[in-house]
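The residues making up each chain are set out below.
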Amino acid sequence: LLESGSMRADTPAASAIGYRQVLEYLTRSEPTDYDLEALHSFVKAFGSATRTYSRGQVSWFMKDAAFKWVAADPENPTFVAKELDRLTQMPRSCFLQEAAQEAADRQ
(Lines give C-alpha, C1' and ligand atoms only; values in the text may rest on other atoms or scores of the structure.)
Protein backbone atom coordinates (compact mmCIF):
# COMPACT_ATOMS: atom_id res chain seq x y z
CA LEU A 1 0.00 0.00 0.00
CA LEU A 2 2.81 2.38 0.82
CA GLU A 3 4.76 1.58 -2.33
CA SER A 4 1.71 1.99 -4.56
CA GLY A 5 0.75 5.26 -2.88
CA SER A 6 -2.60 3.83 -1.78
CA MET A 7 -1.79 4.66 1.82
CA ARG A 8 0.22 7.44 3.33
CA ALA A 9 1.75 7.23 6.77
CA ASP A 10 0.17 10.56 7.76
CA THR A 11 -3.46 9.43 7.37
CA PRO A 12 -5.87 8.47 10.17
CA ALA A 13 -5.99 4.88 8.89
CA ALA A 14 -2.23 4.61 9.22
CA SER A 15 -2.46 5.45 12.91
CA ALA A 16 -4.97 2.65 13.62
CA ILE A 17 -3.91 -0.27 15.79
CA GLY A 18 -2.12 -2.78 13.64
CA TYR A 19 -1.47 -0.46 10.72
CA ARG A 20 0.70 1.83 12.83
CA GLN A 21 2.82 -1.03 14.12
CA VAL A 22 3.13 -2.64 10.68
CA LEU A 23 4.16 0.68 9.13
CA GLU A 24 6.77 1.23 11.82
CA TYR A 25 8.11 -2.27 11.25
CA LEU A 26 8.16 -2.04 7.45
CA THR A 27 9.66 1.46 7.34
CA ARG A 28 12.27 0.94 10.06
CA SER A 29 15.76 2.16 9.33
CA GLU A 30 18.20 -0.40 7.95
CA PRO A 31 15.86 -3.41 7.64
CA THR A 32 17.53 -6.79 7.24
CA ASP A 33 16.23 -10.23 6.40
CA TYR A 34 15.47 -12.48 9.36
CA ASP A 35 15.67 -9.57 11.85
CA LEU A 36 14.08 -11.41 14.76
CA GLU A 37 14.69 -8.53 17.17
CA ALA A 38 12.72 -6.15 14.96
CA LEU A 39 9.97 -8.73 14.52
CA HIS A 40 9.81 -9.28 18.27
CA SER A 41 9.56 -5.51 18.84
CA PHE A 42 6.75 -5.30 16.27
CA VAL A 43 4.75 -8.10 17.91
CA LYS A 44 5.32 -6.59 21.36
CA ALA A 45 4.22 -3.10 20.21
CA PHE A 46 1.15 -4.53 18.48
CA GLY A 47 0.15 -6.50 21.58
CA SER A 48 0.73 -3.54 23.87
CA ALA A 49 -1.37 -1.20 21.73
CA THR A 50 -4.15 -3.79 21.53
CA ARG A 51 -4.18 -4.32 25.31
CA THR A 52 -4.20 -0.57 25.98
CA TYR A 53 -7.13 -0.08 23.61
CA SER A 54 -8.96 -3.05 25.11
CA ARG A 55 -8.56 -1.73 28.68
CA GLY A 56 -9.98 1.62 27.57
CA GLN A 57 -12.96 -0.08 25.94
CA VAL A 58 -13.69 -2.17 29.03
CA SER A 59 -13.50 0.94 31.25
CA TRP A 60 -15.84 2.83 28.93
CA PHE A 61 -18.39 0.00 28.79
CA MET A 62 -18.27 -0.57 32.54
CA LYS A 63 -19.41 3.03 33.09
CA ASP A 64 -22.49 2.48 30.91
CA ALA A 65 -25.48 1.45 33.03
CA ALA A 66 -27.09 -0.21 29.98
CA PHE A 67 -24.12 -2.53 29.51
CA LYS A 68 -24.31 -6.14 30.68
CA TRP A 69 -21.05 -8.00 31.13
CA VAL A 70 -20.98 -11.63 29.99
CA ALA A 71 -17.71 -13.28 30.89
CA ALA A 72 -16.34 -15.57 28.21
CA ASP A 73 -15.53 -19.04 29.44
CA PRO A 74 -13.53 -21.08 26.91
CA GLU A 75 -14.19 -24.17 29.02
CA ASN A 76 -17.97 -23.67 28.89
CA PRO A 77 -19.04 -21.94 25.64
CA THR A 78 -22.54 -23.39 26.01
CA PHE A 79 -23.10 -21.32 29.15
CA VAL A 80 -22.07 -18.13 27.32
CA ALA A 81 -24.38 -18.96 24.41
CA LYS A 82 -27.30 -19.65 26.75
CA GLU A 83 -26.70 -16.43 28.67
CA LEU A 84 -26.57 -14.39 25.47
CA ASP A 85 -29.75 -16.06 24.29
CA ARG A 86 -31.44 -15.31 27.62
CA LEU A 87 -30.41 -11.66 27.47
CA THR A 88 -31.54 -11.16 23.89
CA GLN A 89 -34.92 -12.78 24.53
CA MET A 90 -35.87 -10.75 27.60
CA PRO A 91 -37.94 -7.58 27.33
CA ARG A 92 -35.83 -4.42 27.04
CA SER A 93 -37.13 -3.05 30.35
CA CYS A 94 -36.02 -6.23 32.16
CA PHE A 95 -32.62 -6.13 30.46
CA LEU A 96 -32.09 -2.48 31.44
CA GLN A 97 -33.13 -3.23 35.02
CA GLU A 98 -30.72 -6.16 35.25
CA ALA A 99 -27.91 -4.16 33.60
CA ALA A 100 -28.50 -1.21 35.95
CA GLN A 101 -28.31 -3.49 38.98
CA GLU A 102 -25.07 -4.97 37.70
CA ALA A 103 -23.68 -1.46 37.10
CA ALA A 104 -24.61 -0.48 40.65
CA ASP A 105 -22.86 -3.59 41.97
CA ARG A 106 -19.70 -2.61 40.02
CA GLN A 107 -19.56 0.75 41.79
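Residues numbered from 1 in each chain as written. Predicted model: local features only at pLDDT ≥ 70, side-chain atom pairs only at ≥ 80, totals over all residues. Heavy atoms only, no water.

Undergrad: What's the story with the overall build of the chain in this structure? I'm lost.
TA: A count of helices and strands for the chain gives four helices and zero strands. Shown N-terminal to C-terminal, the secondary structure of the chain runs as helices and strands in the order α-α-α-α. The C-alpha atoms of the chain give 21 Å as radius of gyration, which overshoots the globular expectation for 107 residues (13 Å, by more than 25%). Overall, the chain is about 60 × 30 × 25 Å in size when its C-alpha atoms are taken along their principal axes. For the chain, with 107 residues in total, the buried portion stands at 17%. Sequence separation of at least 24 residues holds for 42% of the intrachain contacts in the chain that already meet a minimum separation of 6. Element-wise, carbon and sulfur atoms account for 58% of the exposed surface of the chain, whose accessible area totals about 8,500 Å². When the 12 basic and 15 acidic side-chain charges of the chain are each reduced to a single mean position, those positions are 7 Å apart. (Helix = DSSP H or I, 4+ residues; strand = E, 2+ residues; numbered from the N terminus. Rg over C-alpha atoms; globule rule 2.2 N^0.38 Å. Buried < 20%, exposed > 50% of the residue type's maximum accessible area, 1.4 Å probe, protein only. Contact = heavy atoms within 4.5 Å. Areas by Shrake-Rupley, 256 points an atom, 1.4 Å probe, with all protein chains shown as cover. Lys, Arg positive; Asp, Glu negative; His and termini not counted. Charge placed at Lys NZ, Arg CZ, Asp CG, Glu CD.)

Undergrad: Just to check I follow, could you spell out a nonpolar patch on the surface for this structure?
TA: A cluster of nonpolar side chains, Ile-17, Phe-46 and Tyr-53, forms an exposed patch at the surface whose accessible area comes to about 280 Å². Relative to the helices and strands, Phe-46 is located in helix H2 (residues 36-62). When its relative accessible area of 36% is taken as the criterion, Phe-46 is described as partly exposed. (Patch = residues over 30% accessible without salt bridge, like charges linked within 9 Å, V, L, I, M, F, W, Y side chains within 5 Å. Salt bridge = Lys/Arg side-chain N within 4 Å of Asp/Glu carboxyl O.)

Undergrad: For this particular structure, what's the right way to read the packing of helix H1 (residues 19-26) against H2?
TA: In the contact formed by H1 and H2, the axes pass within 9 Å of each other and the chain directions differ by 165°. Regarding the angle of H1 to H2, the classification is roughly antiparallel. Considering how the two elements wind past one another, H1 and H2 form a crossing that is right-handed. Counting all contacts with H1, which are made through Arg-20, Gln-21, Val-22 and Tyr-25, the residues of H2 involved are Ala-38, Leu-39, Phe-42, Ala-45, Phe-46 and Ala-49. Its residues placed into classes, the contact of H1 with H2 shows eight nonpolar, one polar and one charged. (Axes fitted to C-alpha atoms, helices over the stretch in contact; angles between N-to-C directions. Parallel < 35°, antiparallel > 145°, perpendicular 65-115°, else oblique. Left-handed = near helix turned anticlockwise from the far one by under 90°. Nonpolar A, V, L, I, M, F, W, Y, C, P; charged D, E, K, R; others polar.)

Undergrad: How do you make sense of the environment of Trp-60 when you look at a structure like this?
TA: Tracing the chain through its elements places Trp-60 in helix H2. Along the chain, Trp-60 and Pro-12 lie 48 residues apart, while their C-alpha atoms are 22 Å from each other.

Undergrad: Would you mind showing me how to read H2 here?
TA: An α-helical segment advances 3.6 residues per turn. Residues three or four places apart therefore align on the same side. For H2, spanning 27 residues, the distance from its first C-alpha to its last is 38 Å, which sits close to the expected 39 Å at 1.5 Å a residue. Those residues of H2 that sit buried are Ala-38, Gly-47 and Ala-49. Those residues of H2 that are buried lie in contact with H1. (Expected span 1.5 Å × (residues − 1).)

Undergrad: It is not clear to me how unusual backbone geometry should be interpreted in this structure. Could you clarify?
TA: Among all residues except glycine, the phi angle is most often negative; among peptide bonds, the trans geometry is most common. Positive phi is not limited to glycine here, since Glu-30 has a value of about 50°. For Glu-30, the position within the fold is in the loop between H1 and H2. The phi angle at Tyr-34 is positive, at roughly 60°, despite the residue not being glycine. In this fold, Tyr-34 is placed in the loop between H1 and H2. On the basis of relative accessible area, Tyr-34 is assigned to the exposed category, the value being 79%.

Distances and angles like these do not, on their own, reveal function.
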